Every structure is written in structure tokens, then in C-alpha cells.
Amino acid sequence: MGPRAGRNGGKIMYQGDFNGLVHSGTTTGKYLCTQTQLKKNVRNSNGWLSLKDANLHNLKNISISIPKGVMTVVTGVAGSGKSTLINHVLPKFYPETIFIDQKPIRASKRSNIATFTGMFDIIRRLFSKANNVKPALFSFNSQGACPNCKGLGVTYTDLAFMDTVVNVCEVCQGNRFIDEALSYKLHGKNISEVLNMTVDEALDFFHEKEISTVLKRLADVGITYITLGQPLNTLSGGELQRIKLADELESNGNIYVLDEPTTGLHMSDISQLLKILDRLVEQGSTVIVIEHNLDVISQADWIIDLGPFAGQNGGRIMFEGLPKDLINCNSSITAQYLKKYIK
Ligand SMILES: Nc1ncnc2c1ncn2[C@@H]1O[C@H](COP(=O)(O)OP(=O)(O)OP(=O)(O)O)[C@@H](O)[C@H]1O
């Protein structure tokens, strides 16, 4: 399916056998043709995070140093202790660690990209100033809300023993606002039309620095095609992860952890994710990724491999060091796979 995401997707790009897909010229086909290579120029660390005597769950009293200012990938078979070490032990030593995951941001049906990024407050102020009325009139959470759907744009009908039925609000026709709010315009568009703009369209529409900076960050992580008003609870895990990363793009000196961030991502999404992680590192942050995906492992500056097996048969450090040296580590299962699949 493709060719891209959101409104720009939804078309069948190819159907047939695997061989045909490889030669189809589609984005998926092109990625299947490319051979993964180990990163040649790894970055140097600018310090170390030190974890001592970790014995939680299956960890065998291990002590380890994780390089700062580079991307470390933590590998090992399922159940070897990766999450225990990085998600549970690391924050005990470094509570400032920031976890970026694919989980819902806020379950609220009312949150969207515009509210989450703080852009909506600025947009409401612009509407207010242009029309000399209160900003609250342009809020679907208060004064401007359609009274029938309470600003949700849809109504929910609970049916016993069946899924809730969702209908477009018959009063506002899904645009969430009362008529008075919709009668006011900013550069020729009403507030509902603005929320229906994609990030790309909004970048053309808004020239105010406060808004375009936020929009640019979203575009940088590939969120160009989502409308400002799309509820956060309808975004995919990969999209949520990118929105969280967009929020961090200007930060530096932080410690970020991502636990299997490639889950559910297409190969082209993975290369975009790697570019974002690189940008965080270039800005002076430390990135630690727990991953099984060879495309990510191959781009590490430093690798920590746990094993040898799962549960009580795991919890030991099999390897820590540069990716090129892992290849020669005979006791590591990860090394055997790296040798097979990576040039
Ligand atoms: N809360 C817990 N209590 C007891 N044992 C646990 C707990 N959490 C994890 N374990 C065990 O510790 C071991 C390591 O689990 P962990 O989740 O760290 O593995 P992992 O390498 O991250 O695996 P995966 O790749 O499947 O996520 C496993 O045997 C697991 O069953």
C-alpha cells in the first residue's frame, strides 16, 4: 500500500509474489534490494553512564558503562534482560532519562497535534486578534464548542454488549464549533478549516514564527500529512513516536531511551527514524535503543549484547563495544546474525 502515508496513501502499489515485489520499483521493493552495511564512521563518546551491580530480574550482578553523546544499541534474544537493564536499572542511576515510546500520549478524544504542541493557543489568539473577540470562542473545549457534541465533532452511542456507535454530529456536521465561531476568519479561513489543514498546508498558511517553528519540527520527523485537528487517539504508534520525538528536536544533553522503536514501521520509516535519532545525537544527547532490527543495529556507534539465552539463562553481558568488533565475538548469537546479513 502507498505511495506515502495518510491522505497520500491508501493505494495498492503492487500485488503479486515476492520476487515481483523486489523488482517492482515501489518503496518496499527498493528497500528489499538494499544490502545493510555496518556504519563505518562511529562517533566518539564524550563521557560514560555507569551502572553497577545490577541484579534485578535475571541480571547477573552486572556492571556496565554506556557511552554518552552517541547511539548505543542494546541487543540480545527475547528475555535476555535488555528491558530490565535499560528501562528499570538505568533510571535508578539516571532518573533524568527520557523514554520515547509508541504508547498513546493522552487518551483524551479532544487532544490533537495542535493542542499537544501548544500551537492551538497561538492560533486562537491570532483569530481573536484578527476579529476582536475572545480567544475562548475558538476553543472546542469551551465557549466555541457545538453544544450537541460538546466540541467532539462526533456523538457516541453506547449499545449494551456491542461496540459504541460513533456518528458525525448532525448539528455541526463534524466541524465542532458553533456558527458564531465559524463566522470569523483568519486570512480567509475559519477555525474549522484551519484544523482541517495538513501540517504541510499549515506551513504555507502560517508565517508567524511561533507556529512555523512547531510545524517545521513536525515536518522534520515526517508528520507532514496529518491534519492539525486529527485526534491523537487515532494516530498510529509510529506517528505518536515521531510526534514525541518532534517535541525533543531542539533539546540537547538529554538521555533518551527507545525500546524497540521500529515495531510496526516500514523500512523507509526506519531510515527516517534513524535520521531523527542521529539529529538528537548530533545535538549532544545520548540515545540508547533496544532493538532486534539489523538496520538499526548496523547504525550503532556502540553495542551492548545481553545473553546468552533467555530468563535465568540470560542476564549476562556477552559483548560491549564497537559494532565491527561484535562480528568477531563467537559467544554472541547476535554476532552470528550480523555476520550473515550485514556486509
Ligand atoms: N517484573 C518481573 N518479575 C520477574 N521477572 C521478570 C519481570 N520482568 C521481566 N522478568 C523476567 O526477566 C527476564 C528478562 O526480561 P526482559 O523484559 O528484561 O527481557 P528483554 O531482553 O527485554 O526481552 P524482549 O526482547 O522480549 O523485550 C525474563 O525472563 C522475564 O521473564
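Residues numbered from 1 in each chain as written. Predicted model: local features only at pLDDT ≥ 70, side-chain atom pairs only at ≥ 80, totals over all residues.

> Any details on the overall build of the protein chain? Residues and values, ideally.
A tally of regular secondary structure across the protein chain gives 14 helices and 10 strands. The principal-axis extents of the C-alpha atoms in the protein chain amount to approximately 70 × 50 × 50 Å. Expressed as a percentage of its 343 residues, the buried residues of the protein chain come to 34%. (Helix = DSSP H or I, 4+ residues; strand = E, 2+ residues; numbered from the N terminus. Buried ≥ 20, exposed ≤ 12 C-beta atoms within 10 Å, placed from the backbone.)

> Outline the site of the ligand, listing residues and values.
The environment of the ligand is formed by His57, Asn58, Gly76, Ala78, Gly79, Ser80, Gly81, Lys82, Ser83, Thr84, Ala310 and Gly311. Here the shell around the ligand is composed, by residue class, of 2 nonpolar, 9 polar and 1 charged. (Near = placed C-beta within 6 Å. Nonpolar A, V, L, I, M, F, W, Y, C, P; charged D, E, K, R; others polar.)

> Which residues make up helix 10 (residues 237–246), and what values go with them?
The buried fraction of helix 10 is high, at 8 of 10 residues. Listing the buried residues of helix 10 in full gives Gly238, Glu239, Gln241, Arg242, Ile243, Lys244, Leu245 and Ala246. Considering only its buried residues, helix 10 is in contact with helix 4 (113–116), helix 9 (209–220) and helix 11 (267–282). (Contact = placed C-beta atoms within 7 Å.)

> Tell me about unusual backbone geometry, and please be specific about residues and values.
Cis geometry is adopted by the peptide bond preceding Pro308, which originates at Gly307 and carries an omega value of 0°. By the secondary structure assignment, Pro308 is in the loop between strand 9 (302–307) and strand 10 (316–321). Positioned with a positive phi, Arg176 is a non-glycine residue whose angle comes to about 80°. Looking at the element boundaries, Arg176 is found in the loop between strand 6 (165–168) and helix 6 (179–183). Note on Arg176: 26 C-beta atoms within 10 Å, which makes it buried.

> Describe the nonpolar core, with residues and values.
Membership of the largest hydrophobic core comes to 69 residues, with the highest contact counts inside it found for Val73, Leu218, Ile288, Val289 and Ile303. With residues up to four places along the chain from it excluded, the contact list for Val289 reads Met71, Val73, Leu258, Pro261 and Val296. (Core = buried A, V, L, I, M, F, W, Y, C linked by C-beta atoms within 7 Å.)

> Residue-level account of the sheet that holds strand 7 (residues 255–259), with values.
A sheet is described by the order of its strands in space; here 6 strands give the open sequence 4-7-8-3-9-10, paired in mixed fashion. With one partner strand each, in any of the chains shown, strand 4 (98–99) and strand 10 form the two edges of the open sheet. As defined by bridge partners, strand 3 (residues 71–75) adjoins strand 8 (residues 286–290) across 4 bridges and the pair is classed as parallel. Residue pairing across strands places Thr72 opposite Ile288, the latter belonging to strand 8. (Pairing = 2+ DSSP bridges.)

> Lay out the environment of Gly237 in plain terms, naming residues and giving numbers.
Examined against the element boundaries, Gly237 turns out to sit in helix 10. Taking the number of C-beta atoms within 10 Å as the measure of exposure, Gly237 has 15 and is therefore partly exposed. On a C-alpha basis, the gap between Gly237 and Gln102 in space is 4.4 Å, while along the polypeptide they are 135 residues apart. In contact with Gly237, other than residues within four places in its own chain, are Gln102, Thr263 and Gly264.

> Can you explain helix 5 (residues 119–131)? Please cite residues and give values.
When the terminal C-alpha atoms of helix 5 are compared, their 19 Å separation across 13 residues agrees well with the 18 Å that a helix rising 1.5 Å per residue should span. Of the positions making up helix 5, those classed as buried are Met119, Phe120, Ile123, Arg124 and Phe127. End-on, the buried residues of helix 5 take up no more than an arc of 135°, which puts them together on one face. If you follow the buried residues of helix 5, they end up packed against helix 4, helix 7 (191–195) and helix 9. (Expected span 1.5 Å × (residues − 1). Arc of directions from axis to C-beta.)

> Describe the environment of Leu235, with residues and values.
Within the element layout of this structure, Leu235 appears in the loop between helix 9 and helix 10. C-alpha of Leu235 to C-alpha of Gln102: the two residues are 133 residues apart in sequence and 10.0 Å apart in space. Apart from residues lying up to four places away in sequence, Leu235 is in contact with Gln230 and Leu240.

> Help me get a handle on the packing of helix 5 against helix 9, residues and values and all.
With their axes 10 Å apart at the nearest point, helix 5 and helix 9 run at an angle of 145° to one another. Like other packed secondary-structure pairs, helix 5 and helix 9 cross with a definite hand, here left-handed. From helix 5, Met119, Ile122 and Ile123 reach across to helix 9, where they touch Glu210, Ile211 and Val214. Along the lines of polarity and charge, the residues of the contact of helix 5 with helix 9 split into 5 nonpolar, no polar and 1 charged. (Axes fitted to C-alpha atoms, helices over the stretch in contact; angles between N-to-C directions. Left-handed = near helix turned anticlockwise from the far one by under 90°.)

> Give a description of the confidence of the model for the protein chain that names residues and reports values.
Counting all residues, the mean pLDDT for the protein chain is 91, and 93% of those residues have values of 70 or more. The ipTM for the predicted assembly is 0.96, set against a pTM of 0.88. (pLDDT = per-residue confidence, 0-100.)

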